[in-house]
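# Results of the structural survey
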Amino acid sequence: MNQVVQEQRTSFTMEYRILGRSQKQRYIHMVGQLRYDDNLQPIRKILTLQDVSWQKSNEKLRQDIELTRKTAEMKQRFYARLSHEIRNPVGGIAGIVHMLEKTTMSAEQKELVSALMSTSDSLFHLVNDVLDYSKIESGMMKVRSNKFLLSEQVKGLYTFYSVKALEKNLRFESFIDPAIPDALVGDERKISQVVSNMLSNAMKFTSEGSVKFRVLASEIENSRITLKVEVEDTGLGISKEEQELLFREYSQLDNKLVEQNIGSGLGLTICKQLVELMGGKIGVKSRQGKGSLFWFTLPLELAEDVAVQAEEPHQKKTIRKVDASVLLVDDLALNRKILHMMLKEMGCRVTMAENGKQALDLIHEANINAFNIFGELRYDIVIMDHIMPVMDGVTAAQEIRKRFKNVPPLVLLTADESFAEDDKFRKSGFDDVLIKPVKPEQLQEKVLHWIKADAAEGQKEKFEIYSREEIDKKPVVNENTLELIIRHAEENHFRVDELFRSFIEDMELIYDQILSAIELNDYNALNLIMLSVKGLSGNIGASQVHATAKLIDRCLRNEAYEDAKELLPLLAEKYSIFKNRIETEYIQNLRAPENS
């Protein structure tokens, strides 16, 4: 207040805290006015007081909500980065093992590779436990339902765990209630994850006797069914006190057998949360020294018309050859090497880049070289990592879409499974997604899918034949190509008018060569000349010249030599029109600033 008087202010606002009778803190907002006499001494003070505690609490609530939102975003970014950093080396190990399996090895080496595969699988499951728990805790885990065959899922689990049972000399039995339809709809991966954890624990903590795996029909109504899955063992059993700890985070039972088995302590916690996420319930019945029975119920839909491809367990997949040019972008040399080996085995031609910026540069070169006059630079598909230095994959994809007209299919390579949910990869600028670690058959499936999708359009462009009327409808100068040329010229510091003049000089020489070839009836030479014309005209944006050259080329390939000769005057006419347009509208305009 003294400061207000010293500054001779006529109005002021203040805010302060007070303690009420109940010792509750309140906020008071004061608005004041001062009146002064002729000697500038304050003679009147008018104050308005307002309790703003409610507004303050709302503001605090808004701040807390905003902080929670930012924390959730930070968590999501952290888990995505953590997933990327951990799964990259694990995926590298799995990739190396997959490639080793295809080499010629001695029996001892095969044993070692098998052990390495088992170890990498264990490490991968441990990593997944931690990352899955993190995603569930932060609300990032989602259910992804698909059609599947229950018998095939049970068969796969039985085949895998029967080997472990044999190692421990345990009886292992599986049973499916015949009342259950085989074709169901649900999150097959999450169901398998829960059952695998239960079977793994049963095998781990049972030293003699048996493990039984049953799938029962708890309820069937119209198009829905409630399954009850049970895993029963004759192991140590669990006391009532310990049962209360089973589904808690980071808890393991306190006995010697448990201490000998390393784990994340998250397995059953994740099982509980996954089952509840899918709308089910989970529980355990056990008596110490008598064994345990773990169970969960799960509501699923019946698949009306299912076409599910059943595979034999451990069936070796054949690698199909794919004639495709792939741009592979990843900052880690090991990942590039493994994926490069997989793609080469498929028959692909592979170009590699270490970050999004390099990928942009390579695609830029391919667009400038649209008609391959400088060799094969076109990419049929781009497979690009998510998190990279200099420029990450998402930023690069968005820049590619923004800068270029003809963009090949973009496939995101990531360890963040959330990109596969709700088409998040599409919103990020990609056409598809590959989740790490990538298996050869998954990579092959994606490449084949997108090459096949592009095949019809690519073949149409490759074998397109223009009539004279269609040629006339095409622009004399392709504005998109021209824009690309000008941008490339600015970036590389060369003059566009000189490029056009060079094209005109080359075409004058080519026309003399055409006349010589016609005079000598050398149609092989004429065919080679037309290839040059197609490349030059396509790269410079002379659409009518390019279309005419393609038509002549097609006639020559079909040995319709007279038709080809009749089209040569049309080629000269279209070239003359293009040359005139370039000289009057572009070369003069481009040189105007320099002459002024």
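What comes next concerns the included structure. (Residues numbered from 1 in each chain as written. Predicted model: local features only at pLDDT ≥ 70, side-chain atom pairs only at ≥ 80, totals over all residues. Heavy atoms only, no water.)

## Here's the deal with a nonpolar patch on the surface
On the surface, Ile93, Ile96, Leu100, Leu116 and Leu334 cluster together into a nonpolar patch covering about 350 Å² of accessible area. Element by element, the count of residues in the nonpolar patch is highest for helix H2 (residues 53-101), at three residues. (Patch = residues over 30% accessible without salt bridge, like charges linked within 9 Å, V, L, I, M, F, W, Y side chains within 5 Å. Areas by Shrake-Rupley, 256 points an atom, 1.4 Å probe, with all protein chains shown as cover. Salt bridge = Lys/Arg side-chain N within 4 Å of Asp/Glu carboxyl O. Helix = DSSP H or I, 4+ residues; strand = E, 2+ residues; numbered from the N terminus.)

## A few points about the nonpolar core
A general feature of soluble globular proteins is that nonpolar side chains tend to end up buried together. Formed by 40 residues in total, the largest nonpolar core has its most connected members in Leu199, Phe213 and Phe296. Breaking this core down by element, the ones donating at least two residues are helix H4 (150-167), helix H5 (188-204), strand E7 (210-221), strand E8 (224-233), helix H8 (267-277), strand E9 (281-287) and strand E10 (291-302). Dropping the residues within four chain positions of it, Leu199 is found in contact with Leu157, Tyr161, Phe172, Val211, Phe213 and Val231. Counting 35 residues, the second largest nonpolar core, distinct from the first, contains Ile485, Ala517, Ile529 and Ile540. (Core = buried A, V, L, I, M, F, W, Y, C linked by side-chain atoms within 4.5 Å. Buried < 20%, exposed > 50% of the residue type's maximum accessible area, 1.4 Å probe, protein only. Contact = heavy atoms within 4.5 Å.)

## Focus on the packing of helix H17 (residues 523-540) against helix H18 (residues 543-557)
Remark: H17 packs on H18, axes separated minimally by 9 Å, with the N-to-C direction vectors making an angle of 155°. Here H17 lies roughly antiparallel to H18, going by the angle between them. Two packed elements cross with a definite hand, and for H17 against H18 that hand is left-handed. Here H17 contributes Tyr523, Leu526, Asn527, Met530, Leu531, Val533, Lys534, Ser537 and Gly538 to the contact with H18, which in turn contributes Val545, His546, Ala549, Lys550, Ile552, Asp553, Leu556 and Arg557. A class-by-class count of the residues in the contact of H17 with H18 yields nine nonpolar, four polar and four charged. (Axes fitted to C-alpha atoms, helices over the stretch in contact; angles between N-to-C directions. Parallel < 35°, antiparallel > 145°, perpendicular 65-115°, else oblique. Left-handed = near helix turned anticlockwise from the far one by under 90°. Nonpolar A, V, L, I, M, F, W, Y, C, P; charged D, E, K, R; others polar.)

## Quick look at the packing of aromatic side chains
Following the criterion strictly, the structure yields one aromatic pair and no others. Measuring from centroid to centroid gives 5.0 Å for Tyr158 and Phe172, while their planes differ by 15°, and the two rings are stacked. Of this pair, Tyr158 sits in helix H4 while Phe172 is found in strand E5 (residues 171-176), placing the two residues 14 residues apart along the sequence. A cation over an aromatic ring shows up here: Lys228 above the ring of Trp295, its NZ or CZ 5.4 Å from the ring centre. (Phe/Tyr/Trp six-rings, centres within 6.5 Å; stacked < 30°, edge-to-face > 60°. Lys NZ or Arg CZ within 6 Å of the ring centre and 35° of its normal.)

## Structural notes on the sheet that holds strand E15 (residues 432-435)
Strand order in this open sheet of five strands is E12-E11-E13-E14-E15, and the pairing throughout is parallel. With one partner strand each, in any of the chains shown, strand E12 (349-353) and E15 form the two edges of the open sheet. Neighbouring strand axes in the sheet, compared pairwise and without regard to direction, differ in orientation by 20° on average. Here four bridges tie strand E14 (residues 410-414) to E15, and the two strands are oriented parallel to one another. Considered in E15, the bridge of Val411 is made with Asp432. Against the sheet, helix H9 (residues 333-345) contacts strand E11 (325-329), E12, strand E13 (381-385) and E14, and its axis sits at roughly 165° relative to E12. In the packing of helix H11 (residues 393-403) onto the sheet, the strands contacted are E13 and E14, and the crossing angle to E13 comes to about 150°. (Pairing = 2+ DSSP bridges.)

## Regarding the pattern of salt bridges
A full pass over the atoms with the stated rule returns 16 salt bridges. Its salt-bridge partner being Arg403, residue Glu399 comes within 3.2 Å of it at the nearest N-O pair. A residue pair is termed a helical-turn pair when its members lie 3 or 4 positions apart in one helix, as Glu399 and Arg403 do in helix H11 at four residues. Using a relative accessible area of 18% as the deciding quantity, one classes Glu399 as buried.

## Quick look at helix H16 (residues 496-519)
Between its terminal C-alpha atoms H16 stretches 35 Å, which fits the 34 Å expected from 24 residues at 1.5 Å a residue. Restricting attention to buried positions, one finds in H16 the residues Val496, Asp497, Phe500, Phe503, Ile504, Met507, Ile510, Ile514 and Ala517. Where H16 ends, the next residue or the one after it, Asn521, has phi of about 55°, a positive value. (Expected span 1.5 Å × (residues − 1).)

## Overview of the environment of Gly535
Turning to its location among the elements, Gly535 is positioned in helix H17. Gly535 sits 14 residues away from Ala549 along the chain, and the two C-alpha atoms are 9.5 Å apart.

## Observations concerning unusual backbone geometry
The phi dihedral of Leu40 is positive, around 60°, even though this residue is not glycine. Classification of Leu40 by relative accessible area gives partly exposed; the value is 44%. Even without glycine at this site, Asn169 takes up a positive phi of about 60°. Relative to the helices and strands, Asn169 resides in the loop between H4 and E5.

## A short note on H5
One turn of the α-helix equals 3.6 residues, which is why residues spaced by three or four share an orientation. Relative to the 24 Å expected for 17 residues at 1.5 Å per residue, H5 spans 24 Å between its end C-alpha atoms, a close match to the ideal helical length. Across the 17 residues of H5, 12 count as buried, placing the element largely inside the fold. Among all positions in H5, only Lys190, Ile191, Gln193, Val194, Val195, Ser196, Asn197, Met198, Leu199, Asn201, Ala202 and Met203 are buried.

## Remarks on the pairing of E12
Regular strands place side chains that alternate from one sheet face to the opposite one. Looking at chain direction, E11 and E12 are connected through five bridges and run parallel. Considered in E12, the bridge of Val326 is made with Val350. For the crossover from E11 across H9 to E12, the handedness is right-handed. (Right-handed = clockwise from strand over helix to strand, strands pointing away.)

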